[in-house]
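If you want the building blocks of each chain, they are given just below.
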Amino acid sequence: MTPPPTPDGNHGAGPARKVTAQRVQAMPDPDMQSAGFRQARLARKTALIEDYVELIDDLLNDGQEARQVDIAARLGVSQPTVAKMLVRLEADGLVTRRPYRGIFLTDAGHDMAAQSRKRHHTVERFLRALGISDANARIDAEGMEHYVGAETLAAFSQALEAGLADFLVAARKKRSG
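Residues numbered from 1 in each chain as written. Predicted model: local features only at pLDDT ≥ 70, side-chain atom pairs only at ≥ 80, totals over all residues. Heavy atoms only, no water.

*Asks:* It is not clear to me how the pattern of salt bridges should be interpreted in this structure. Could you clarify?
*Replies:* Side chains bearing opposite charge may pair, as long as their charged atoms lie close to each other. Taken as a whole and assessed by the stated rule, the structure comprises 9 salt bridges. Note that Glu-124 is salt-bridged to Arg-138, the shortest N-O span being 3.8 Å. Of this pair, Glu-124 sits in helix α5 (residues 107-129) while Arg-138 is found in helix α6 (residues 134-144), placing the two residues 14 residues apart along the sequence. A relative accessible area of 6% means that Glu-124 is categorised as buried. Looking at Arg-138, the relative accessible area reads 53%, which means it is exposed. Among the ionic contacts, a cluster of salt bridges with common partners joins Glu-124, Arg-128, Asp-134 and Arg-138. (Salt bridge = Lys/Arg side-chain N within 4 Å of Asp/Glu carboxyl O. Helix = DSSP H or I, 4+ residues; strand = E, 2+ residues; numbered from the N terminus. Buried < 20%, exposed > 50% of the residue type's maximum accessible area, 1.4 Å probe, protein only.)

The structure is reproduced here in structure tokens:
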């Protein structure tokens with residue numbers, strides 16, 4: 001015996017059927033979908049490298065030496081973890097290390113740090129324009145910066161330059177007042 005229909009017309013098939021019935025878009029083309037997954041895998045692969053390089057650049061720009069112990073403390077990882085990554089960064093031509101000195105970026109490392117910082121800054125500014133608190137915008141941008149594509153970043157920048165932040169502040173005031 002089939003259960004009677006629920007108010008939404010579902011014959012007791014549970015939430016899975018309801019979600020399927022509400023699906024608005026068809027699945028993307030397989031090539032398009034696989035491109036998205038490839039981009040996400042690449043971002044995951046490079047995110048950690050970019051974080052290390054950007055942090056090393058930040059430490060050096062702050063007038064500090066970029067030392068393994070400082071990198072470990074700021075990333076919240078162990079020193080052996082940092083040591084392994086530094087070997088990889090050196091092999092990739094992004095850093096140089098000098099015994100009893102510190103870690104320095106190569107030109108390629110500086111370029112990567114600058115690109116990563118620019119993406120981070122754009123995403124963080126966009127989130128703040130949306131009304132996200134400074135602390136949460138900084139934290140969220142730290143992860144998002146690696147996954148956002150060039151077209152999306154350009155749109156974020158364009159929206160910011162067009163006055164998105166002012167528009168949203170005015171809209172919030174209008175709603176609350």
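From this point, the narrative continues.
*Asks:* Sorry, what's going on with the packing of aromatic side chains here?
*Replies:* Aromatic ring pairs are reported here in terms of the distance separating the ring centres and the angle at which the planes meet. As enumerated under the stated definition, the model contains 1 aromatic pair in all. Seen from their ring centres, Phe-126 and Phe-156 are 3.8 Å apart, and the 5 degrees between their planes marks the pair as stacked. On the criterion of sequence distance, the pair formed by Phe-126 in helix α5 and Phe-156 in helix α7 (residues 150-161) is long-range, its members being 30 residues apart. Here Phe-126 and Phe-156 have matching classes, each one buried. Its end group placed over the ring of Phe-104, Arg-98 keeps NZ or CZ at 4.5 Å from the ring centre. (Phe/Tyr/Trp six-rings, centres within 6.5 Å; stacked < 30°, edge-to-face > 60°. Lys NZ or Arg CZ within 6 Å of the ring centre and 35° of its normal.)

*Asks:* Is there a simple way to explain the environment of Arg-101 in this structure?
*Replies:* If you trace the backbone, Arg-101 turns up in the loop between β1 (95-97) and β2 (103-105). The exposure class of Arg-101 is partly exposed, given its relative accessible area of 45%. A sequence separation of 35 residues divides Arg-101 from Ala-66, and the C-alpha atoms of the two residues are 8.7 Å apart. Ignoring sequence-local partners within four residues, the contact set of Arg-101 consists of Glu-65 and Arg-67. (Contact = heavy atoms within 4.5 Å.)

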